[in-house]
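Working through the structure, step by step
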Amino acid sequence: MLRKGIFKKPNNRLEDSQVTEQASSPSVPESMYVRCDACRATMLRDDLQANALVCTHCGYHLRMGARQRIVHLTDEGSFREMHGELVSRNLIDFPGYDEKLRSSREVSGENEAVITGIATIAGNPCCVFAMEPNFMMGSMGSVVGEKITRLFEYARQECLPVVGCTVSGGARMQEGILSLMQMAKTSGAVKWHSEAGGLYIALLTDPTTGGVTASFAMEADIILAEPGALIAFAGPRVIEQTIKQKLPQGFQRAEFLQENGFVDLVVERGQQKEIIARLLTLHALEVKAK
Ligand SMILES: [Zn+2]
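Predicted model, so just to flag it, every value in this text is computed and none were measured.

1. Let's talk about the pairing of strand β8 (residues 222–225)
- As paired elements, strand β7 (residues 200–208) and β8 share 4 bridges and run parallel to each other. The residue bridging leucine 203 from the neighbouring strand is leucine 224, located in β8.
- Taken together, the 2 bridges between β8 and strand β9 (residues 265–266) define a ladder with parallel strand orientation. Among the inter-strand pairings, alanine 225 is bridged to a residue of β9, identified as valine 266.

Here you go:
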């Protein structure tokens, strides 16, 4: 005889009390573990850090802070920061911007959304910048634009290559037109550096969008990108609504852009330093031969 409800989960007080007991028992602090955004696997924070924030299960590249990015790419102890004292001001009295700046400084521990300086990569001296995702998602205001510009001007003056890592939501709307003009200003500095024969290598990471994509991110001599990174000007929904067409699979991802010639090479995090070092060495040899 078939008993109804045989497959139902037993519901008795004993089971309930067990669950309660487990929940209230001392547990391992949650912060020791991190969940992968892509495959949802849980792993030890230390294991993830040792793997340069690349998921040990599926290879997903988790977001990396600017300082960690610099440590990952440059020779140990070689980085010297420049213009770290520059801070943004609420020049157009945008509502809530002062508070946003304060909380971003607290959360990221940084003064602004980009860190710039000089370093060596496998012994090659270069200028370096890395954008900070925890500071207003790396948005470009007047200070970000100024720091990037000064870095390229310094690189031109000192005949140094520039290696830059981008992550950005685009221009910082809280600064209005002042943020938009940073696109022209940084582009001018990149061009000036390029005309003097300087090499510029960009590493685009997830996400690189808006005014940063439309300026210095896509103006490098060699454009590298992290696997799966979203690289776009406008978001896919905006484009679909404008052109009234469905976009192809993987549109605006690093691999799609490589296939279509906008990105030179998609490089896994573990290989990035080696590839960049090789490019810098080749360039230095070429400069010497001239
Ligand atoms: Zn994963």
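2. Regarding the packing of helix α5 (residues 142–157) against helix α6 (residues 177–195)
- In the contact formed by α5 and α6, the axes pass within 9 Å of each other and the chain directions differ by 10 degrees. Regarding the angle of α5 to α6, the classification is roughly parallel. Residues Ser142, Val144, Gly145, Ile148, Thr149, Phe152, Glu153, Ala155 and Arg156 of α5 form the contact with α6, whose own contacting residues are Leu178, Ser179, Gln182, Lys185, Thr186, Ala189, Val190, Trp192 and His193.
- Looking at the contact of α5 with α6 residue by residue, the classes come out as 8 nonpolar, 7 polar and 3 charged.

3. Some details on the environment of valine 267
- Within the fold, valine 267 resides in the loop between β9 and α10 (269–289).
- Note: C-alpha distance between valine 267 and alanine 225 (42 residues apart in sequence) is 6.0 Å.
- With sequence-adjacent residues up to four places away left out, valine 267 is seen in contact with Leu224, Gln272 and Ile275.

4. A closer look at the confidence of the model for the protein chain
- Considering every residue of the protein chain, the mean pLDDT works out to 91; 90% of them sit at 70 or more.
- Ignoring residues within four places in sequence, the model shows residues 10–25, a span with pLDDT below 50, making 1 contact including any to other chains.

5. Some words on the nonpolar core
- Membership of the largest hydrophobic core comes to 55 residues, with the highest contact counts inside it found for Cys126, Ile201, Ala202 and Ala225.
- In contact with alanine 202, other than residues within four places in its own chain, are Gly164, Thr166, Ala217, Ala220, Ile223 and Leu224.

6. Thoughts on the sheet that holds β9
- Strand order in the open sheet formed by 7 strands is β3-β4-β5-β6-β7-β8-β9, and the pairing between neighbours is mixed. Only two strands of the sheet have a single neighbouring strand rather than two, namely β3 (80–82) and β9.
- Bridge count for strand β6 (residues 162–168) against β7 is 6 bridges, and the pairing is parallel. Counterpart to serine 168 in the pairing with β7 is threonine 208.

7. Digging into α6
- The end-to-end C-alpha separation of α6 is 27 Å, in line with the 27 Å expected for 19 residues at 1.5 Å each.
- Looking only at α6, the buried set comprises Ser179, Gln182, Met183, Thr186, Ala189, Val190 and His193.
- Looking at the packing, one finds that the buried side of α6 touches α5, β6, β7 and α7 (210–213).
- Trailing α6 by a residue or two, glycine 197 shows a phi angle of about 90 degrees, which is positive.

8. Regarding helix α4 (residues 97–108)
- With 12 residues, α4 should reach 16 Å at 1.5 Å per residue; the first-to-last C-alpha distance of 16 Å fits that figure.
- Residues of α4 that are buried include every one of Tyr97, Leu101 and Ser104, and no others. The arc enclosing the buried residues of α4, seen along the axis, measures out at 65 degrees, which places them on a common side. Opposite the packed face of α4, turned more than 90 degrees from it, sit the exposed residues Glu99, Arg102, Ser103, Glu106 and Val107.

9. Points about the environment of serine 78
- Secondary-structure assignment places serine 78 in the loop between α3 (66–73) and β3.
- Using a count of 16 C-beta atoms within 10 Å as the deciding quantity, one classes serine 78 as partly exposed.

10. A short note on unusual backbone geometry
- In the segment running from aspartate 206 into proline 207, the intervening peptide bond is cis, with an omega of -10 degrees.
- Residue placement: proline 207 occurs in strand β7.
- For methionine 137, which is not a glycine, the phi torsion comes out positive at approximately 45 degrees.
- With respect to the element layout, methionine 137 can be found in the loop between β5 (124–131) and α5.
- Judged by local crowding, methionine 137 falls into the partly exposed class, with 18 C-beta atoms found within 10 Å.

11. Focus on the pairing of β6
- Of all 7 residues in β6, 7 are buried; the element is thus mostly enclosed.
- Of the two faces of β6, the one carrying Val162, Gly164, Thr166 and Ser168 and the one carrying Val163, Cys165 and Val167 are both buried.
- Relative to β6, β5 runs parallel, the two being bridged by 4 bridges. Paired with cysteine 127 across the strands is valine 162, a residue of β6.
- Crossover handedness for the path β5 to α5 to β6: right-handed.
- Handedness of the crossover joining β6 and β7 through α6: right-handed.

Each value, and the rule that gives it
Residues numbered from 1 in each chain as written. Predicted model: local features only at pLDDT ≥ 70, side-chain atom pairs only at ≥ 80, totals over all residues. Pairing = 2+ DSSP bridges. Helix = DSSP H or I, 4+ residues; strand = E, 2+ residues; numbered from the N terminus. Axes fitted to C-alpha atoms, helices over the stretch in contact; angles between N-to-C directions. Parallel < 35°, antiparallel > 145°, perpendicular 65-115°, else oblique. Contact = placed C-beta atoms within 7 Å. Nonpolar A, V, L, I, M, F, W, Y, C, P; charged D, E, K, R; others polar. pLDDT = per-residue confidence, 0-100. Core = buried A, V, L, I, M, F, W, Y, C linked by C-beta atoms within 7 Å. Buried ≥ 20, exposed ≤ 12 C-beta atoms within 10 Å, placed from the backbone. Expected span 1.5 Å × (residues − 1). Arc of directions from axis to C-beta. Right-handed = clockwise from strand over helix to strand, strands pointing away.

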